[in-house]
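Results of the structural survey
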Amino acid sequence: MGRVSGSIEVRGLTRTFHTTVRRPGLAGALRSLVNPERVAKHAVRDISFDVAPGELLALLGPNGAGKSTTIKVLTGILTPSSGEARVAGVVPYEERERNARNIGAVFGQRTQLWWDLPVRESFAILRDIYEVPRAEHAARLEEFDELLDLSSFWDTRVRHLSLGQRVRSDLAAALLHDPPVVFLDEPTIGMDVVVKEQVREFLRNQVEHRGRTVLLTTHDMTEVERLAERVVLVNHGRLVLDGTLDEIRRKFGSTWQVRATLAGPHAEVVPPNGIRLLRHDGPRVVFGPDGPDAPTVHQALKAVIERYQVTDIGIDEADLEDVMRAAYVHAESQREAEPQPEGA
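1. Quick look at the overall build of the chain
Counting its regular elements, the chain contains 11 helices and 13 strands. Projecting the C-alpha coordinates of the chain onto the three principal axes gives extents of approximately 80 × 60 × 40 Å. Among the 344 residues that make up the chain, the fraction classed as buried is 45%. Look at the contacts in the chain between residues 6 or more apart in sequence, and 70% of them connect residues 24 or more apart. Surface summary for the chain: the accessible area is close to 17900 Å², and the carbon and sulfur share equals 49%. Computed over 43 positive and 50 negative side-chain charges, the separation of the two mean positions in the chain equals 6 Å.

2. Let's talk about the pattern of salt bridges
With the rule as written, the count across this model stands at 22 salt bridges. The partner of Arg159 in a salt bridge is Asp116, with the nearest N and O atoms 2.7 Å apart. Here Arg159 is found in the loop between helix H5 (134–148) and helix H6 (163–175), whereas its partner Asp116 is found in the loop between strand S5 (103–107) and helix H4 (119–129), with 43 residues between them in sequence. When its relative accessible area of 39% is taken as the criterion, Arg159 is described as partly exposed. According to the relative accessible area criterion, Asp116 is partly exposed, its value standing at 42%. Taking the shortest distance from any N to any O, the salt bridge between Arg284 and Asp281 comes out at 3.9 Å.

3. Looking at the sheet that holds strand S2 (residues 37–51)
With antiparallel pairing, the three strands of this open sheet are ordered in space as S2-S1-S4. Single-partner strands in this sheet number two, and they are S2 and strand S4 (82–87). Within the sheet, the average angular offset between the axes of one strand and its neighbour, ignoring direction, is 30°. In the sheet, strand S1 (residues 8–21) pairs with S2 via 11 bridges, with the strands oriented antiparallel. Counted as the bridge partner of Phe17 is Lys41 from S2.

4. Re the packing of H5 against helix H7 (residues 193–208)
For the pair H5 and H7, the least separation of the axes is 9 Å and the interaxial angle reads 140°. Here H7 runs oblique to H5, going by the angle between their axes. Contact residues: H5 offers Glu143, Phe144, Leu147 and Leu148, while H7 offers Gln198, Phe202, Asn205 and Gln206. Grouping the constituent residues of the contact of H5 with H7 by class yields four nonpolar, three polar and one charged.

5. Notes on the sheet that holds strand S3 (residues 56–60)
Read from one edge of the open sheet, six strands run S5-S6-S7-S3-S8-S9, paired in mixed fashion. The open sheet has two free edges, formed respectively by S5 and strand S9 (238–244), since each of these has just one partner strand. Recorded for the sheet is a direction-independent mean angle of 15° between the axes of neighbouring strands. As defined by bridge partners, strand S6 (residues 181–185) adjoins strand S7 (residues 213–217) across five bridges and the pair is classed as parallel. Looking at S7, one finds that Phe183 is bridged to Leu215. Here H6 sits on the sheet in contact with S5 and S6, set at roughly 165° to S5.

6. Overview of a negative patch on the surface
On the surface, a cluster of negative charge is made up of Glu208, Glu229, Asp246 and Glu247. As for its placement among the helices and strands, Glu208 is situated in helix H7.

7. Re the packing of aromatic side chains
According to the stated counting rule, one finds two aromatic pairs in the structure shown. Consider the rings of Phe287 and Tyr308, whose centres lie 5.9 Å apart with planes at 15°: the pair is stacked. Linking Phe287 in strand S12 (residues 284–289) with Tyr308 in the loop between helix H10 (297–307) and strand S13 (310–316), this pair joins segments that are 21 residues apart in sequence. Across the pair, exposure class does not vary: Phe287 and Tyr308 are buried alike.

8. Digging into unusual backbone geometry
A negative phi holds for most residues other than glycine; trans holds for most peptide bonds. Phi is positive for Ala88, close to 55°, though the residue is something other than glycine. Tracing the sequence through the fold places Ala88 in the loop between S4 and helix H3 (96–102). For Glu186, which is not glycine, the phi dihedral falls at a positive 50°. The topology assignment puts Glu186 in the loop between S6 and H7.

Each value, and the rule that gives it
Residues numbered from 1 in each chain as written. Predicted model: local features only at pLDDT ≥ 70, side-chain atom pairs only at ≥ 80, totals over all residues. Heavy atoms only, no water. Helix = DSSP H or I, 4+ residues; strand = E, 2+ residues; numbered from the N terminus. Buried < 20%, exposed > 50% of the residue type's maximum accessible area, 1.4 Å probe, protein only. Contact = heavy atoms within 4.5 Å. Areas by Shrake-Rupley, 256 points an atom, 1.4 Å probe, with all protein chains shown as cover. Lys, Arg positive; Asp, Glu negative; His and termini not counted. Charge placed at Lys NZ, Arg CZ, Asp CG, Glu CD. Salt bridge = Lys/Arg side-chain N within 4 Å of Asp/Glu carboxyl O. Pairing = 2+ DSSP bridges. Axes fitted to C-alpha atoms, helices over the stretch in contact; angles between N-to-C directions. Parallel < 35°, antiparallel > 145°, perpendicular 65-115°, else oblique. Nonpolar A, V, L, I, M, F, W, Y, C, P; charged D, E, K, R; others polar. Patch = residues over 30% accessible without salt bridge, like charges linked within 9 Å, V, L, I, M, F, W, Y side chains within 5 Å. Phe/Tyr/Trp six-rings, centres within 6.5 Å; stacked < 30°, edge-to-face > 60°.

On their own, these measurements won't tell you what the molecule is for.
The structure is reproduced here in structure tokens:
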């Protein structure tokens, strides 16, 4: 049997939790016991998106936005209140065992390894659980060891691992059964920069060379910038943005500049379409975006190089964290302008 093609399809996904309101005081507690007041909280509301096979998508949003609830539905832990989801062709909350064989999951604050066993023994247990042939298991361990340097600590008990060693081990454990889809929830939280880059390189390898589909949640914008081409932003349980990083930068971070030193005399500098001349001081010129249809900073860089002979060139662009903050503010202002339904 060939390897299952990994894709994620989410349509109108909604998950509502009902809680009981606790009234203050003894009398209020008795009233809550006799006649409890129930309120609905929409953790996720009418979210739809797709992740193509071999794509790494960053699912972003502030704390409490609905990211973890979405992942719990996609991993089969929760059943949605309405809407539907498919992961590698399987409805995860209806066929949990089949879905478990198609996915890997790493949660930065939890481990799937056995706390008192050496890492290598945990890998052996997972091999038996997923019925991975020994030759395949050995080949994958060799591949992961080359990328993650596992053998330097895989005879150490899990409880004695550093955070970086544990997360590297969890990444390997999640992929030992060769799942087409991987969910990563804050996988590098608390790591030092060296280990973070090692993990990022491993993830790039798994997406680009092994064709795995990856859904990543993180608050680290450097991670998003280096790994993801596309971002889905959720806020207050709603999907508010779905686009590539270039599209999002163009819409919310159009503060880039291209600085160039021209090779020859240029009495009059006529910039390319969509680009505005900000400053002109002798051979040194600075360009910026001109209007809503301005090119991305990289397109502008290419246009300037093609039009002028330059001896030096550089770019300045809005930090991705600033861009995403602007997107949050825009989404929040739109939400406040909309009439809120009852129970929102």
